[in-house]
Amino acid sequence: MDTDLKTLREEICRIGRSLYARGYVHGTTGNISARVPAQAGGGFLITPTDASLGNLDPARLAWVGDDGVQRAGDRASKTLALHRRIYQAAPHAGCVLHTHSRHLVALTLRGVWRDDDILPPLTPYQVMKVGHVPLVPYFRPGDPAVADIVADLVARHADEGRQLRAVMCDRLGPQVWHETPAGAMAVLEELEETASLWLLGDCRAQPLDESHIEELRRNFAAQW
């Protein structure tokens, strides 16, 4: 097996174990995918359908071509269509994570801040590391209609000069992407922590004001 491909398989499994151990996913919920470098064969790896992220086998991850045709491994997750569209719409994305993170799902049950931003800008690291996170209306798990909505949201933010890094699917959980699996996990962690803080404060905390956000833009290129 190509060294790059072997390392990527192992990294996906490491991320899965970490998310499972910390309660970001439970049972067989959630999925992870990552782009395969061209020199290693291209396409992307994605966790199998109904697999537990806490007990992934590197050799059994589904390997799918850019055309969506599965090359090897167990049957790909039912979110395959959505992951493919995210990679097409966001060329910077190297990994996509989907979890059923408790506080984020609870937030949608209670009511998000706004449909175009599930959380107000509460902390500097949320603004710097996560950015805007729009709400995607409820659809059944695996519904291909979600892929069109997410691709449109990515394009709209790009038109406004921002890179979208996450969306929140109503009652299901976040879809988060970044250049690397570790980077995607860091975005997810910051997003879930912010949701926890917002709920702990009974959704009453005052957002950062525009002067604070502008300072983060100037000093850290925050895309808010």
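Residues numbered from 1 in each chain as written. Predicted model: local features only at pLDDT ≥ 70, side-chain atom pairs only at ≥ 80, totals over all residues. Heavy atoms only, no water.

Engineer: I would appreciate a short explanation of the nonpolar core in the present structure.
Structural biologist: For soluble globular proteins, the rule of thumb is that nonpolar side chains tend to be buried together. With 42 residues, the main nonpolar core has Ile12, Leu19, Ile32, Leu97, Ile118 and Leu191 as its most contacted residues. Counting only elements with at least two residues in this core, the list comes to helix H1 (3-21), strand E1 (31-35), strand E5 (95-98), helix H3 (102-110), strand E7 (166-169) and helix H6 (181-200). For this core, the element with the highest residue contribution is H6, accounting for 8 residues. Once residues within four sequence positions are removed from consideration, leucine 97 is found in contact with Ile15, Leu19, Asn31, Ile32, Pro174, Gln175, Val176, Ala184, Met185 and Leu188. (Core = buried A, V, L, I, M, F, W, Y, C linked by side-chain atoms within 4.5 Å. Buried < 20%, exposed > 50% of the residue type's maximum accessible area, 1.4 Å probe, protein only. Helix = DSSP H or I, 4+ residues; strand = E, 2+ residues; numbered from the N terminus. Contact = heavy atoms within 4.5 Å.)

Engineer: Would you take a moment to explain helix H5 (residues 145-159) for this structure?
Structural biologist: Because an α-helix completes one turn every 3.6 residues, residues spaced three or four positions apart along the sequence face the same direction. With 15 residues, H5 extends 22 Å between its outermost C-alpha atoms, agreeing within 8% with the 21 Å of an ideal straight helix rising 1.5 Å per residue. If you check which residues of H5 are buried, you get Val146, Ala147, Val150, Ala151, Leu153, Val154 and His157. For H5, the angular spread of the buried residues around the axis is 160 degrees, confining them to a single face. Buried positions along H5 lie against helix H2 (80-89), strand E6 (135-136), E7 and strand E8 (173-178). Just past H5, the residue glycine 161 takes up positive phi, approximately 80 degrees. (Expected span 1.5 Å × (residues − 1). Arc of directions from axis to C-beta.)

Engineer: It is not clear to me how the layout of surface pockets should be interpreted in this structure. Could you clarify?
Structural biologist: A water-sized probe rolled over the atoms picks out the places where empty space is left. If you add up the space inside the largest pocket, you get close to 320 Å³. Lining the largest pocket are 22 residues, with Asn31, Thr79, His98, Pro141 and Gly142 positioned closest to its centre. Partitioning the lining of the largest pocket into residue classes produces 7 nonpolar, 11 polar and 4 charged. As a volume, the second largest pocket reaches approximately 170 Å³. Arg114, Asp116, Asp117, His132, Pro134, Leu153, Arg156, His157, Glu160 and Arg162 are the residues that line the second largest pocket. For the lining of the second largest pocket, the class distribution of residues is 2 nonpolar, 2 polar and 6 charged. (1 Å grid on protein atoms, 1.4 Å probe; cavity = no way out; pocket = protein on both sides within 12 Å on 5 of 7 lines; lining within 4 Å. Points joined across faces, edges and corners; volume = space filled by probe spheres on them. Nonpolar A, V, L, I, M, F, W, Y, C, P; charged D, E, K, R; others polar.)

Engineer: How should unusual backbone geometry be read in this particular structure?
Structural biologist: Residues other than glycine predominantly adopt negative phi, and peptide bonds predominantly adopt the trans conformation. The backbone of arginine 171 shows a phi angle near 70 degrees, a positive value even though the residue is not glycine. Position of arginine 171 relative to the elements: it lies in the loop between E7 and E8. For aspartate 202, which is not glycine, the phi dihedral falls at a positive 60 degrees.

Engineer: Help me out: how do you make sense of the sheet that holds E6 in this one?
Structural biologist: Picture the strands of a sheet paired through backbone hydrogen bonds; they go either parallel or antiparallel. Pairing is mixed in the open sheet, where 8 strands are placed in the order E4-E3-E2-E1-E5-E8-E7-E6. Bordering the open sheet on either side are strand E4 (70-72) and E6, each of which pairs with just one other strand. Note that strand E3 (residues 62-64) and E4 share 2 bridges and pair antiparallel. Across the sheet, the residue bridging to valine 64 is glutamine 70, located in E4. The strands that H2 touches are E1, strand E2 (44-46), E3, E5 and E8; relative to E1, the one it contacts most, it runs at about 35 degrees. (Pairing = 2+ DSSP bridges. Axes fitted to C-alpha atoms, helices over the stretch in contact; angles between N-to-C directions.)

Engineer: Where do I start with the packing of H3 against H6 in this structure?
Structural biologist: Put simply, H3 and H6 touch, their axes get as near as 8 Å, and they point 50 degrees apart. Taken together, H3 and H6 sit at an angle that is classed as oblique. Considering only the axes of H3 and H6, their crossing is left-handed. For the pair formed by H3 and H6, the contact residues are Arg102, His103, Leu104, Ala106, Leu107 and Arg110 on the first element and Leu191, Glu192, Ala195, Ser196, Trp198 and Leu199 on the second. Taken together, the residues of the contact of H3 with H6 sort by class into 7 nonpolar, 2 polar and 3 charged. (Parallel < 35°, antiparallel > 145°, perpendicular 65-115°, else oblique. Left-handed = near helix turned anticlockwise from the far one by under 90°.)

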